[in-house]
Amino acid sequence: MGTGTLHIDLEAIAANWRALDAMTGADCETAATVKANAYGLGVTQVAPRLFREGCRAYFVATADEGLELRRTLGPEPRIYAFYGHMPGDTATLQRADVVPMICSLDQLARHLEALPRHPFGIQLDTGMNRLGLKMAEWAATAELTLKAHPVLVMSHLSDGDDPESPRNADQLARFHEMTDGIEVPRSLAATGGVLLGPDYHFDMIRPGVGLYGGLPFAAAEPVVTLEVPVVTCFDIEPGETVGYGGTWKAPAPSRVATIAAGYADGLPRTLSSNLDVMAGPVSCPVVGRVSMDLIGVDISHLDRDPERVTVLDAHRGIDSLAEAAGTIGYEILTALGRRYGRRYRGLDA
Ligand SMILES: *Cc1c(COP(=O)(O)O)cnc(C)c1O
């Protein structure tokens, strides 16, 4: 086995979905956001496990992701695409029975023209300025659009992960202003919005990162463990350096392990000298720069050479790695490399 092994706990993902579901009322549906291959963890494994847990609504980004998911889950669940109805998507949306979440007036026109009887949803921009109809656009077109019977109206919070941000209440107020009194089911909350409380839940929540064990869902069960084999171990003299650019210099006679992962496997170069890995119960600092496929680790304090080290586990999750790398857990998750072997716990037989 030449590469690392990524352990993905589908039971923990199911438990996290249940926990978020339990925070909402009985008349609020709990969907799952599984875009980008379920945040890199494998949509063909994650989605069926959530389906078994009772999840019947899924969000992806692209129509093609919707098609893959439809093939995985069969005809029953609803699948919504955040990119809406892009040029060239018509056949895929139709074939895969995917609901485009319309995000502009151009898309709305395209959709009603190309697939007049195909269900669609509407995205409203309440202040994030990314996707969705603006207040004035909605005011001008809502009456006509509602006659075409959208199946869902949604918006997205820019600061949902920060309960202190005044933008949350602003966006909530604007969402009310734009949608109160309409008959269509409404959705505002991703993971962060769920945690902001019932005012933000409306008819459907659509968490992503919380399912996969990431912040802002601090109470989430950890989902991923990453073990990486050691390629070689050797001694170096005081004053010798390790890796590209010689950024780490041995202060004393040292022993170094070179491990089989690097930035090509989703361990960012910015982690260099800012990360510890575990050899069994013992913490070992990364030394020198992270290279494409290899990382140096100081093992001078171990009694014997390890065969493998743990980079991610229940105690050092994606968010501690993210902090060490100067990024967010989402980016660590979605970058975890394709070279790793993947082992799933809780896979359907
Ligand atoms: C990605 C995304 C989600 C899920 O967000 P999390 O923060 O991962 O829970 C929900 N809604 C939209 C529009 C998104 O882009």
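Note that the coordinates shown come from a computational prediction; the quantities given were computed from them, not determined experimentally. (Residues numbered from 1 in each chain as written. Predicted model: local features only at pLDDT ≥ 70, side-chain atom pairs only at ≥ 80, totals over all residues. Heavy atoms only, no water.)

1. A word on the layout of surface pockets
And then number 1: By volume, the largest pocket is sized at about 760 Å³.
And then number 2: As for the largest pocket, its lining consists of 32 residues, of which K35, Y39, H156, A190 and Y330 are closest to the centre.
And then number 3: Listing elements by their share of the lining of the largest pocket, those giving two or more residues are α2 (35-39), α9 (191-196) and α11 (329-335).
And then number 4: In terms of residue class, the lining of the largest pocket is built from 16 nonpolar, 11 polar and five charged.
And then number 5: Residues lining the lining of the largest pocket come from more than one domain, with at least three contributed by each of domain 1 (10-212) and domain 2 (224-345). (1 Å grid on protein atoms, 1.4 Å probe; cavity = no way out; pocket = protein on both sides within 12 Å on 5 of 7 lines; lining within 4 Å. Points joined across faces, edges and corners; volume = space filled by probe spheres on them. Helix = DSSP H or I, 4+ residues; strand = E, 2+ residues; numbered from the N terminus. Nonpolar A, V, L, I, M, F, W, Y, C, P; charged D, E, K, R; others polar. Domains from an automatic or database assignment.)

2. Notes on the site of the ligand
And then number 1: If you check the shell around the ligand, you find 14 residues, and the closest are K35, Y39, T191, V209 and Y330.
And then number 2: Between K35 and the ligand, the recorded distance is 2.7 Å, taken from a side-chain N or O atom to an oxygen atom.
And then number 3: In this structure, a nitrogen atom belonging to the ligand sits 2.8 Å away from a side-chain N or O atom of R206.
And then number 4: Burial of the ligand by the surrounding chains reaches 91%, relative to a free accessible area of 390 Å².
And then number 5: With respect to the detected pockets, the ligand is housed in the largest pocket.
And then number 6: Residue composition of the shell around the ligand, grouped by class: seven nonpolar, four polar and three charged. (Near = heavy atom within 4 Å. Polar contact = N/O pair within 3.5 Å; in protein donor to acceptor, adjacent residues only side chain to side chain. Areas by Shrake-Rupley, 256 points an atom, 1.4 Å probe, with all protein chains shown as cover. Sits in = over half its atoms within 2 Å of the grid points.)

3. Focus on the side chain of S187
And then number 1: Note on placement: S187 falls in strand β9 (residues 186-187).
And then number 2: Of the polar contacts made by the side chain of S187, one reaches the side chain of R206; its length is 2.9 Å.

4. Structural notes on the domain arrangement of the protein
A common way to express how large an interface is: the accessible area buried when the components associate.
And then number 1: For the protein, the assigned domains read domain 1 (10-212) and domain 2 (224-345).
And then number 2: Distance between the C-alpha centres of domain 1 and domain 2: 37 Å.
And then number 3: Counting residues at the interface gives nine residues for domain 1, matched by eight residues for domain 2.
And then number 4: When the two sides are added together, the surface that domain 1 and domain 2 hide from each other amounts to roughly 950 Å², 63% of it contributed by carbon and sulfur.
And then number 5: Among the residues domain 1 hides against domain 2, the three largest losses belong to Y39, L41 and V209. Together they make up 46% of the total.
And then number 6: Linking domain 1 with domain 2 are zero salt bridges, by the criterion used here.
And then number 7: Scanning the region where domain 1 abuts domain 2 turns up four residue pairs in polar contact (both at pLDDT 80 or more). (Contact = heavy atoms within 4.5 Å. Buried area = accessible area lost by both parts, 1.4 Å probe. Salt bridge = Lys/Arg side-chain N within 4 Å of Asp/Glu carboxyl O.)

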